[in-house]
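Read off the chains here:
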Amino acid sequence: QVQLVESGGGLVQAGGSLRLSCAASGSFFKINDMGWYRQAPGKQRELVATITSGGFTNYADSVKGRFTISRDNAKNTVYLQMNSLKPEDTAVYYCAAEVVIRFYMSQEDYWGKGTLVTVSS
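Let me sum up the structure you'll find in this document. (Residues numbered from 1 in each chain as written. Predicted model: local features only at pLDDT ≥ 70, side-chain atom pairs only at ≥ 80, totals over all residues. Heavy atoms only, no water.)

Remarks on the nonpolar core
A general trend in soluble globular proteins is that nonpolar side chains are found buried together.
Inference 1: Ranked by internal contacts, the top residues of the largest apolar core, which has 33 residues, are Trp-36, Leu-80, Met-82 and Tyr-93.
Inference 2: Breaking this core down by element, the ones donating at least two residues are β3 (18-25), β4 (30-39), β5 (46-51), β7 (67-72), β8 (77-82), β9 (91-100) and β11 (115-120).
Inference 3: With 5 residues, β9 is the single largest residue contributor to this core.
Inference 4: Contact partners of Leu-80, with chain neighbours within four places excluded, come to Leu-18, Arg-19, Leu-20, Trp-36, Val-48, Ala-49, Phe-67, Thr-68, Ile-69 and Tyr-93. (Core = buried A, V, L, I, M, F, W, Y, C linked by side-chain atoms within 4.5 Å. Buried < 20%, exposed > 50% of the residue type's maximum accessible area, 1.4 Å probe, protein only. Helix = DSSP H or I, 4+ residues; strand = E, 2+ residues; numbered from the N terminus. Contact = heavy atoms within 4.5 Å.)

A word on the sheet that holds β8
Inference 1: One open sheet accounts for 4 strands, arranged β1-β3-β8-β7; its pairing is antiparallel. Each edge of the sheet is formed by a strand with only one pairing partner; in this case those strands are β1 (3-7) and β7. The mean angle between the axes of side-by-side strands here comes to 15 degrees, regardless of whether they run parallel or antiparallel.
Inference 2: Taken together, the 6 bridges between β7 and β8 define a ladder with antiparallel strand orientation. (Pairing = 2+ DSSP bridges. Axes fitted to C-alpha atoms, helices over the stretch in contact; angles between N-to-C directions.)

Here we look at the packing of aromatic side chains
Inference 1: By the definition in use, this model includes 3 aromatic pairs.
Inference 2: With a centroid separation of 5.2 Å and an interplanar angle of 85 degrees, the aromatic rings of Phe-103 and Tyr-104 are classed as edge-to-face. Of the two residues, Phe-103 and Tyr-104, both sit in the exposed class.
Inference 3: In this structure an aromatic cluster arises from ring pairing among Phe-29, Phe-103 and Tyr-104.
Inference 4: Of note, Arg-19 hangs over the ring of Tyr-79, and the distance from its end group to the ring centre comes to 4.1 Å. (Phe/Tyr/Trp six-rings, centres within 6.5 Å; stacked < 30°, edge-to-face > 60°. Lys NZ or Arg CZ within 6 Å of the ring centre and 35° of its normal.)

Structure representation (structure tokens):
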């Protein structure tokens, strides 16, 4: 099966930076889009950023200009560089990937277990 494992979360002061990583492992044909989502306490999960296999990116308005998503297709890994962090960025950050298990199958969505990012004021 496919596993997504996030790393890089932690506690940082406002204005600081963190870099999240998410590596996909297991047996699969290919990965299409990958992305990062977050869920703050008491709120719904929301999109942060996505990236296609070709490198096209999409960002939530709240993180544009501060966060950068990138990926290494050879390593099946997606990254999220977070700069100028704000207390409102505090959340559990989840990695997601659209995975094609076998070439004849449709893509399926897979999620990591999340990594906590806490930004202190």
